[in-house]
Amino acid sequence: MIQCAFKIVMKAVGKNCASGQRPGCRDAPQALAPHCGPCLRRPSTLAIGVAVSCCAIPHGASIAGGVQQPEAQLRTVTVQGSQAEADATGEAASQGYVTRGQLENRPLLRPRELLETVPGLIVTQHSGDGKANQYFLRGFNLDHGTDLATTVASMPVNMRTHVHGQGYTDLNFVIPELVSGIAYKKGTYFAEEGDFSAAGAVRIDYVSSLPQGIAQLELGQHGYRRALLADSNQVGPGTLLYGFEWLGENGPWVLPEGVHKLNGVLRYSLPLGGGERLGITAMAYKNAWNSTDQVPQRAIDQGLISRFGHIDPTDGGASSRYSLSADWQRPLQDGQFKANAYMIKSRLQLFSNFTYALNNPERGDQFEQFENRVTTGANASRTWFGTLAGRDTESELGTQLRYERLDPITLNNTAARHSYQQVRSDRVNETSAALYLRNTVQWLPWLRTVAGLRADQFWYGVSSDNPANSGNGRDHIVSPKLSLVLSPTAKTDVFVNWGRGYHSNDVRGATATVDPSTGDPVQKVSVLVPATGCELGVRTGDVLPGLQLSASLWRLNIGSELVFSGDTGTTEPSRPSRRTGIELTAYYVPMAGLIIDADAAFSRARFRDHESIGDYIPESIQTTASMGLSANRGRWSFGARMRYFGPRPLIEDNSVRSASSFLVNLKLGYRVQKNVRIFAEVLNVLGKRANDIDYYYASLLKGETFPLDASGAAAGINDHHIHPAEPRTLRVGITWSF
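These numbers come from a predicted model, not from an experiment.

Parameters and conventions
- Residues numbered from 1 in each chain as written.
- Predicted model: local features only at pLDDT ≥ 70, side-chain atom pairs only at ≥ 80, totals over all residues.
- Heavy atoms only, no water.
- Helix = DSSP H or I, 4+ residues; strand = E, 2+ residues; numbered from the N terminus.
- Buried < 20%, exposed > 50% of the residue type's maximum accessible area, 1.4 Å probe, protein only.
- Contact = heavy atoms within 4.5 Å.
- Areas by Shrake-Rupley, 256 points an atom, 1.4 Å probe, with all protein chains shown as cover.
- Patch = residues over 30% accessible without salt bridge, like charges linked within 9 Å, V, L, I, M, F, W, Y side chains within 5 Å.
- Salt bridge = Lys/Arg side-chain N within 4 Å of Asp/Glu carboxyl O.
- Phe/Tyr/Trp six-rings, centres within 6.5 Å; stacked < 30°, edge-to-face > 60°.
- Lys NZ or Arg CZ within 6 Å of the ring centre and 35° of its normal.
- pLDDT = per-residue confidence, 0-100.
- Pairing = 2+ DSSP bridges.
- Polar contact = N/O pair within 3.5 Å; in protein donor to acceptor, adjacent residues only side chain to side chain.
- 1 Å grid on protein atoms, 1.4 Å probe; cavity = no way out; pocket = protein on both sides within 12 Å on 5 of 7 lines; lining within 4 Å.
- Points joined across faces, edges and corners; volume = space filled by probe spheres on them.
- Domains from an automatic or database assignment.

**Here we look at the overall build of the protein chain**
Tallying secondary structure elements over the protein chain gives seven helices and 35 strands in all. A buried classification covers 60% of the 738 residues belonging to the protein chain. In the protein chain, the proportion of contacts linking residues at least 24 apart, taken out of those at least 6 apart, comes to 66%. Surface accessibility of the protein chain: about 27500 Å² in total, with carbon and sulfur atoms responsible for 59%.

What follows is the structure in structure tokens.
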């Protein structure tokens, strides 16, 4: 937690409380109404300090899908709360915040599944556990994160011009026990969100201190071992937080994964007086693994491999990430100033084989992807609190700068991890600058508007081993936003949102003129692809004490584009698309220590240009639902999660579909002594033979005969390719608090 004392806060509080109007109480759960007293029907999103200093909201207060107002503890002049909580003020029904307390009892197969706290978001895997996950949200197969902007400790995680896939989001370096909360937004309506945020944005932050040190050891089936040591201490005028994690596992696979992960965090937080503070964070992560990639269903059916078997025993990879960042926040008489800067050094080496022997029957189709990357950036924003014709206003002006250098980024054909042919090798420089303005006006007690405008400029240069694919260029996009918030009752909000957003493409596709494998001419891609979205939502606490409900109806259009494929080193066409859906969430606290949450999402994704091949978007998520329970009673704690991942079209005419899956995970804890707690997790409790992911494409195994297509040319065998979900798995652990 950080201190956020504002002088302007106390002045504004005196003014508003004297009139009986208490900003910040409007979104408090119904059970907390006695703490708030008379409130505005809808608070302006003025100084967060104004809201929390005038209304003390108990720790962990949440509404449907997570906390959507900052939590606070009332003190004389000081408010405690994370900045992420303070930013989650609710401009859309699909926006929210998940507190640290909501994460404590959550059973996790992988740390990255923390993102499934976002309603409607599915996290899965098609390869080894050292690789970035596959994400699904709002009618998208987001691949490894293309349209979901993710930040950790104010640093971007999505990687541009990535060797494996644009927007690659590897969250293996996150330590769940240190996460202070998760703020999420969906849609293109937020001026501060830029690249990769068409479907949504997720911000994860770490705590600055711990109430007690943590020494934790976990053991489980399939060679699972994990150790964690974390604590915080007063060092000089500030607080030093440290956390170190080691993890090893083999998984249920015939080919042991051999995961060997080392992870560390150091964070120094320095209060500078008057609410001003400075934070410096260093992170280090290193991992290596063997990989069982997706396998053809026919190989399992014919008994060539078991369900957890492999085709190529030499697939796998290694990755590392080292970062240093600084955050500065300064309250001002009429607002606040925030800034942060970061530097990230990362490497990734992947060996994959998805078609086995289709392209090279003798040596096989394995390929290597390697990149060496440095990312630097800085963000700054200035917020003003004021009035316009007697109406409370908040205005924010911000800028965001980012630079990436890749030297090199390569694609090679390999056999058993030995390279025998270079497909392409490049050096890339990519720079972006953004300027945004957001203005909030409280026109009436029941009417508020949020208007925004964002401008992004990109510059890039590619130096390729083939001069025909080298070049320089630039691109820009302007994105307007507008939201309308109406409050028909004291505990109900209606949101109307519209906005334009975008995602960037791999800039190697913007300079390419020839296919590196065949020499055939290729068409260049657009670097920035616009997306336009709208949403109608409602959020209410009027139904039942302790119950918060939200619902949203949304639509998102993305233009026609060409996409650069890191797996082939060339461009591929993508048709214009439209996605429409409904999301429902519920958050219920019937009594202290008991939380029940549920969500369901239904999406329809189609290509907008009608073609004979079909208009369904392959792998687009259609239906998902989840439900969870978290309970603390005396020495006992309990968490349960249920997740339904519905069937999806695998090809454009919808004639081939994936299977659905339903998984249940449980976690039970018991405090043996004051400072000692034991716990057990059972993952996939029902032992379902589900698939983490399904694909449908052509491949060929060694020894199989090439079939012929309609023209008489050799072709592969079209088949389901699956990566199975892990079977029922038991893990146990012990935690010592010191």
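**Focus on a nonpolar patch on the surface**
The grouping of Leu217, Leu219, Val672, Ile678, Leu730, Val732 and Ile734 at the surface amounts to a nonpolar patch, some 550 Å² of accessible area in total. Of all the secondary-structure elements, those providing two or more residues to the nonpolar patch are β9 (214–220) and β35 (729–737). Sort the elements by how many residues they give to the nonpolar patch and β35 lands first, with three residues. Positionally, Val672 belongs in strand β31 (residues 661–673).

**A few points about the packing of aromatic side chains**
Evaluated as defined, the whole model comprises 10 aromatic pairs. Geometry around Tyr224 places Arg731 over its ring, the cationic atom sitting 3.8 Å from the centre.

**Here's the deal with the confidence of the model for the protein chain**
When pLDDT is averaged across the protein chain, the result is 88; 87% of the residues are at 70 or more. Across residues 1–64, confidence stays below pLDDT 50; counting only partners more than four residues off in sequence or on other chains, it has 178 contacts. Here residues 67–84 is a poorly scored stretch, pLDDT under 50, and it has 76 contacts once near neighbours within four places are set aside; other chains count.

**Let's talk about the sheet that holds strand β2 (residues 122–124)**
Spatial ordering of the open sheet is given by β2-β3-β4, a layout of three strands whose pairing is antiparallel. The sheet is open, and its two edges are formed by β2 and β4 (140–141), each paired on a single side.

**Re the pattern of salt bridges**
It is possible for side chains of opposite charge to pair when their charged atoms get near one another. Across all of its chains, the model carries 38 salt bridges by this definition. For Arg424, the salt bridge is made with Asp426, and the minimal N-O distance between the two is 2.8 Å. We classify Asp426 as buried; its relative accessible area is 1%. With its nearest N and O atoms 3.0 Å apart, the salt bridge here joins Arg575 to Asp609. Taken as a pair, Arg575 in the loop between β26 (570–574) and β27 (577–591) and Asp609 in the loop between β28 (594–607) and β29 (623–633) lie far apart in primary sequence, 34 residues in all.

**Re the sheet that holds strand β6 (residues 155–156)**
Strand pairing in a sheet relies on backbone hydrogen bonds. The paired strands run either parallel or antiparallel. Spatial ordering of the open sheet is given by β1-β7-β8-β5-β6, a layout of five strands whose pairing is mixed. Each edge of the open sheet is held by one strand with a lone partner, namely β1 (96–99) and β6. Across four bridges, the pairing between β1 and strand β7 (residues 179–186) is antiparallel. Within β7, the residue paired with Tyr97 across the bridge is Ala183.

**Some thoughts on the environment of Tyr436**
By secondary structure assignment, the location of Tyr436 is in strand β19 (residues 418–444). The contact partners of Tyr436, leaving out residues within four places of it in the chain, are Ala191, Glu192, Ser381, Glu396, Leu397, Gly398, Thr399, Gln400, Leu453 and Arg454. Of the polar contacts made by the side chain of Tyr436, one reaches the side chain of Glu396; its length is 2.6 Å.

**Quick word on empty space enclosed by the protein**
What the rule picks out here adds up to 10 cavities of 30 Å³ or more. Volume-wise, the largest cavity comes out at about 350 Å³. Lining the largest cavity are 29 residues; nearest its centre among them are Glu113, Glu116, Arg643, Leu663 and Asn665. When residues of the lining of the largest cavity are traced back to their parent elements, those giving at least two are β2, β29, β30 (636–645) and β31. Shared between two domains, the lining of the largest cavity holds at least three residues of each, these being domain 1 (83–204) and domain 2 (205–737). Approximately 230 Å³ is the volume attributed to the second largest cavity. For the lining of the second largest cavity, the secondary structure elements donating two or more residues are β27, β28, β29 and β30. Per-element accounting of the lining of the second largest cavity gives the leading share, four residues, to β28.

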